[in-house]
Each structure stands twice: as C-alpha cells, then as structure tokens.
Amino acid sequence: PGFISAIFLSSFFFRVAAGRNIKSLSYVENVVPAALYLWQRPAAARFEIFNYVDKPDVETRVLLAQIYRSLGRRMPSWSIPEPIAVGASWPFDLAAKLTGRNLAISTARIRKMCTQTRFEAEKVRQAGFQPPVPLLEGIERTVGWYLREGRNRRGTAHLPPAVFREFMVDEF
C-alpha cells in the first residue's frame, strides 16, 4: 500500500512522467488460491516453478487513477517530467543520509515509479488457474482495507521460523 499511503497522507502527491510504463501486480487474495490450485493439481510436478502476477498488466497512470477513485479523490491531471523529479529528489536523498530517516521522496522511489516492471505468468493460466478477484477490484479492496485498518498499523518485519532459516542455509 505504498502508493495508497503516499496519496492518502499527502496533499501534494504528484505523478511523474506520463505514467504509461507498465506495472505487473499481484493482488494478495489471488496469490494463495493460485499456490493452492497449483499444488493440488493431479499433474503437478514435484519441483515445477511458476511466476504469479495478475493480468492484465496496468499502466502506472491507471493504477494511480484507481487508487484516487477508491479514495474518493480526483487525480491531478498534470505530471512532472522524470528528469526534473529526479533532480528535485536529490536534496531528500541527502537529508535521508544525514538524518538516517527513510523519507517518502527519494531518487530511488521516483525511478522505481517510472520503471516498467512487467512479468509473465502465462504458465499459471495454462495450468487452468483463474484468479477469483480482478486486479482493479483488488486495488479497490486494498484501498478499502487501508482506510479501515491499514493506515493505523505500523509495518513489521517477520522472519521465517528458525527451522526454515536453518533449512535455507543448509540447502542453498
């Protein structure tokens, strides 16, 4: 919910570039059903590997428009060119380095927002899995969750159980 939080908490969230770069996303309530479906297939190979992303991929501007719509807000019609946004973010990078704080604006975040991240997961569909929740509906549900309870939570890091960590070290 990084985009959601940034838009919700800021009166000045700006879109960088035209937002035509493609993002592959996965809605959390589709990932577990996909894994269970693939695991329980009679023809499942023991160590078969699958990627999972929901389709269709979306452009960043479509993703942002859905978040704004779900928040009941109007998305700004203008955007800042990427080179200007990157240049304007350098002071924030310096401030973060000097203070040791993780700031909402950074060169890395701006570049990430402008970078295409497209993944294929056709193999999951060929295996017969159909996601129960369409992606844009999943975004709307995520915004709803954020408004109900997510905005009041602090992120926490979860380490896998010690047994699993030992397995990972021994096996890999």
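The structure this text deals with has already been given above.
Sequence order as written defines residue numbering, which begins from 1 separately in each chain. For this predicted model, a pLDDT threshold of at least 70 governs which residues receive local features, and a threshold of 80 or more governs which side-chain atom pairs are given and counted, while totals over whole chains, interfaces and linings are taken from all residues. Water and hydrogen atoms play no part in the side-chain values, which are based on all heavy atoms of the structure.

## Regarding the overall build of the protein
At step 1: Each helix corresponds to a stretch of at least 4 residues labelled H or I by DSSP, and each strand to a stretch of at least 2 residues labelled E; elements are numbered beginning at the N terminus. Per the secondary structure count, the protein includes 8 helices and 4 strands.
At step 2: Taken from the N to the C terminus, the helices and strands of the protein come in the order α-β-β-α-β-α-β-α-α-α-α-α.
At step 3: We call two residues contacting when some pair of their heavy atoms lies within 4.5 Å. Across the protein, every contact between residues at least 6 apart in sequence was considered, and the portion connecting residues at least 24 apart equals 83%.
At step 4: Split by element, the accessible area of the protein, about 11,900 Å² in all, is 60% carbon and sulfur. All accessible-area figures derive from a Shrake-Rupley calculation using a 1.4 Å probe, and residue coverage is judged against the displayed protein chains alone.

## Section: the environment of Gly128
At step 1: Position of Gly128 relative to the elements: it lies in the loop between α6 (122-126) and α7 (135-148).
At step 2: The exposure class assigned to Gly128 is partly exposed, which follows from its relative accessible area of 39%.
At step 3: Separated by 91 residues in sequence, Gly128 and Tyr37 have C-alpha atoms that sit 8.7 Å apart. Type-normalised accessible area, obtained with a 1.4 Å probe on protein chains alone, sets the label of each residue: buried when under 20%, exposed when over 50%, and partly exposed for intermediate values.

## Structural notes on the packing of helix α3 (residues 60-71) against α7
What describes two packed helices is the angle between their axes and the distance between those same axes.
At step 1: Interaxial angles span 0 to 180 degrees and are taken between N-to-C directions of axes, which are lines fitted to C-alpha atoms, for helices over the stretch in contact. Axis separation between α3 and α7 bottoms out at 9 Å; the angle between their running directions is 45 degrees. Overall, the two elements α3 and α7 adopt an arrangement that is oblique. Relative to α7, the crossing made by α3 is right-handed. Residues Val62, Leu63, Gln66, Ile67, Ser70 and Leu71 of α3 pack against Leu136, Ile139, Glu140, Val143 and Leu147 of α7.
At step 2: For this classification, Asp, Glu, Lys and Arg are treated as charged, while Ala, Val, Leu, Ile, Met, Phe, Trp, Tyr, Cys and Pro are nonpolar and the rest, including Gly, are polar. Class assignment for the residues of the contact of α3 with α7 results in 8 nonpolar, 2 polar and 1 charged. Comment on the angle field: the value is read as roughly parallel under 35 degrees, roughly antiparallel over 145, roughly perpendicular from 65 to 115, and oblique elsewhere. Throughout, a crossing is termed right-handed when the near helix is turned clockwise from the far one, and left-handed when it is turned anticlockwise from it by less than a right angle.

## Topic: the pattern of salt bridges
At step 1: Salt bridge, as used here, is a side-chain nitrogen of Lys or Arg placed within 4 Å of a carboxyl oxygen of Asp or Glu. This model, assessed by the stated rule, comprises 9 salt bridges.
At step 2: Among the ionic pairs, Lys55 bridges to Asp57, the shortest N-O distance being 2.9 Å.
At step 3: With relative accessibility at 16%, the residue Asp57 sits in the buried group.
At step 4: The shortest N-O distance in the salt bridge between Arg118 and Asp57 comes to 3.2 Å. With Arg118 in the loop between α5 (107-114) and α6 and Asp57 in strand β3 (residues 54-59), this residue pair connects regions lying 61 residues apart in the sequence.
At step 5: A single salt-bridge network, built from bridges that share partners, covers Lys55, Asp57, Arg118 and Glu120.

## Looking at α3
Given 3.6 residues per turn, any residue in an α-helix points the same way as the ones three and four places further on.
At step 1: The end-to-end C-alpha distance of α3 is 17 Å, a good match for the 16 Å that 12 residues give at a rise of 1.5 Å each.
At step 2: The element α3 is largely enclosed, with a buried count of 9 among its 12 residues.
At step 3: All buried positions along α3 are accounted for by Thr60, Leu63, Leu64, Ala65, Gln66, Ile67, Tyr68, Ser70 and Leu71.
At step 4: Elements that come into contact with the buried residues of α3 comprise α1 (2-9), β1 (15-16), β2 (22-25), β3, α5 and α7.
At step 5: A positive backbone phi angle near 75 degrees is found at Gly72, which sits one or two residues after α3. By definition here, a helix of n residues has an expected span of 1.5 Å times n minus one.

## Digging into the nonpolar core
At step 1: Among the buried residues, those of types Ala, Val, Leu, Ile, Met, Phe, Trp, Tyr and Cys that are joined through side-chain atoms within 4.5 Å form a nonpolar core. The biggest cluster of nonpolar side chains holds 21 residues, and the ones touching the most others in it are Ile7, Phe13, Val16, Ile67 and Ala85.
At step 2: Taken together, the elements giving at least two residues each to this core come down to α1, α3, α4 (82-99), α5 and α7.
At step 3: The leading source of residues in this core is α3, at 5 residues.
At step 4: Within the second largest apolar cluster, 6 residues are counted, among which are Ala34, Tyr52, Ala127 and Phe129.

## Section: a nonpolar patch on the surface
At step 1: Side chains of Val32, Leu36 and Trp39 sit close together on the surface and give an oily, nonpolar patch of about 360 Å² of accessible area.
At step 2: In this structure, Trp39 sits in helix α2 (residues 28-40).
At step 3: Residue classification places Trp39 among the exposed positions, given a relative accessible area of 67%. Patches draw on residues past 30% relative accessible area with no salt bridge. Two like charges within 9 Å are joined, as are two nonpolar side chains (Val, Leu, Ile, Met, Phe, Trp, Tyr) within 5 Å.

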